[in-house]
Amino acid sequence: MASGTSTTHSDIHMGDIAHFAQVGFDALVQSLAVQQGFQVDVVRAIYKYLASYEKTVEVIEAMREAAEVHAVAEILSRTEDDDVEDDSIMDDSIKEDSVKEEEE
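A few points on the structure. (Residues numbered from 1 in each chain as written. Predicted model: local features only at pLDDT ≥ 70, side-chain atom pairs only at ≥ 80, totals over all residues. Heavy atoms only, no water.)

**Some thoughts on the packing of aromatic side chains**
Here the structure, examined in full by the defined rule, presents 1 aromatic pair. With a centroid separation of 4.9 Å and 50 degrees between ring planes, the pair formed by Phe25 and Tyr47 is classed as tilted. Linking Phe25 in helix α1 (residues 14-36) with Tyr47 in helix α2 (residues 40-49), this pair joins segments that are 22 residues apart in sequence. (Phe/Tyr/Trp six-rings, centres within 6.5 Å; stacked < 30°, edge-to-face > 60°. Helix = DSSP H or I, 4+ residues; strand = E, 2+ residues; numbered from the N terminus.)

Here is the structure:
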């Protein structure tokens, strides 16, 4: 192969394309699960109901954000009598998400 020539799907044996596609998909699902803090099975279940991987990413990200907001609310409701400042529980990303939701 000449220098600068790109590899195309035609360089892959037809019998291997499905396998490579599955390996790539599995890697993306695993990465998304780790990044967003969900089990791989959860990501796969969401993907099954949606039309694309991109929509799956959007839903999984929204699920993580909702879980964080819910966790903060639960923590605050269980620590109302403690001397815990509300801000000490929330990291900057959760604060930003909460502000965005209030603005919408």
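**Observations concerning α1**
Its 23 residues give α1 an end-to-end C-alpha distance of 34 Å, which sits within 8% of 33 Å, the value for a rise of 1.5 Å per residue. Within the span of α1, buried status applies to Phe25, Val29, Leu32, Ala33 and Gln36. On its buried face, α1 is in contact with α2 and α3 (53-78). Among the residues trailing α1, Gly37 stands out with phi positive, at a value near 80 degrees. (Expected span 1.5 Å × (residues − 1). Buried < 20%, exposed > 50% of the residue type's maximum accessible area, 1.4 Å probe, protein only. Contact = heavy atoms within 4.5 Å.)

Treat this as a map of the structure, not an account of what it does.
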